[in-house]
Amino acid sequence: MVVARRRPLRRRIRRFAARWKRSVLPLFCVVCGVILGINGAVRTLGGDVRWWSVVRLEERADALSRLGQHRLRTIWQGPGLEPEAALQAAAQKHGVSLRLLREVARAESDFVPTRISGTGAMGMMQLMPGTADELGVIDPFDAAQNAEGGALYLKRLLKTYRGDVRRALAAYNAGPSRIPSSGPVRMPAETRGYVAKITAGL
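Predicted model only: the values in this text are computed from it and were never measured.

Asker: Tell me what's going on with the overall build of the protein chain, and back it up with residues and numbers.
Answerer: Summing up its helical and strand segments, the protein chain has nine helices and zero strands in all. Secondary structure elements of the protein chain occur, N-terminal to C-terminal, as α-α-α-α-α-α-α-α-α. Across the protein chain, contacts joining residues at least 24 apart in sequence account for 45% of those joining residues at least 6 apart. Element-wise, carbon and sulfur atoms account for 57% of the exposed surface of the protein chain, whose accessible area totals about 12800 Å².

Asker: Talk me through the side chain of H94; I want residue IDs and the actual numbers.
Answerer: Positionally, H94 belongs in helix α4 (residues 83-94). Filtering out sequence-adjacent residues up to four positions away, H94 remains in contact with E148, A151, L152 and K155.

Asker: Give me α4: which residues, what numbers.
Answerer: The end-to-end C-alpha distance of α4 is 16 Å, a good match for the 16 Å that 12 residues give at a rise of 1.5 Å each. Buried residues of α4: P83, A86, L87, A90, A91 and H94, and no others. In an axial view of α4, the angular spread of the buried residues amounts to 125 degrees, which keeps them on one side of the axis. Facing away from the buried side of α4, by more than 90 degrees, are the exposed residues Q92 and K93. Next to the buried residues of α4 lie α5 (98-109) and α7 (143-160). Once α4 finishes, G95 follows within two positions and takes phi at roughly 65 degrees, a positive value.

Asker: Explain a nonpolar patch on the surface to me, using residue names and the numbers behind them.
Answerer: Together, L72, I75 and W76 give the surface a local cluster of nonpolar side chains, amounting to about 440 Å² of exposed area. Mapped onto the elements, I75 comes out in helix α3 (residues 53-77). Taking the relative accessible area as the measure of exposure, I75 reaches 64% and is therefore exposed.

What counts and what doesn't
- Residues numbered from 1 in each chain as written.
- Predicted model: local features only at pLDDT ≥ 70, side-chain atom pairs only at ≥ 80, totals over all residues.
- Heavy atoms only, no water.
- Helix = DSSP H or I, 4+ residues; strand = E, 2+ residues; numbered from the N terminus.
- Contact = heavy atoms within 4.5 Å.
- Areas by Shrake-Rupley, 256 points an atom, 1.4 Å probe, with all protein chains shown as cover.
- Expected span 1.5 Å × (residues − 1).
- Buried < 20%, exposed > 50% of the residue type's maximum accessible area, 1.4 Å probe, protein only.
- Arc of directions from axis to C-beta.
- Patch = residues over 30% accessible without salt bridge, like charges linked within 9 Å, V, L, I, M, F, W, Y side chains within 5 Å.
- Salt bridge = Lys/Arg side-chain N within 4 Å of Asp/Glu carboxyl O.

This is the structure in structure tokens:
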């Protein structure tokens, strides 16, 4: 009786690696190249690229990095304001309705200061990395800074849309580029639900 000898593990690993390099790796590189190319083209044309997976990965990585920095600051400086106190202070400072600010925070994060969305939005008011930087929010996971940034952003949107709360909320959710300042508004289904949920609590 002849017993077949099994190949050494090292040889089997080498053969598997060689097959992977010949078949899977080139396909993977082509797919990544196509995604990056489309992403670059859309950015060049000024389109909204938040839904591309590569951009989502970049923004989530940025958000996770900032969360790590926030946790280090918390160790050294201690916890900041509680969400409710942060919202009250931000509403008073920027002259925004506390009830409106509270309902936005409830809809966005359920008052969780360290929440990160699938698109990389951060903190209690779910500020995108670019928006947080524009608003001067250094630590978007600090409840006070996040609430202040969200209040300032809402104040700007209310001014842009001349006090129209529904349009301002739609722009907060979908982005100002998608919501016209006058005329009919075509909101995505998600944004319609978002606006209805917040206005129901006002």
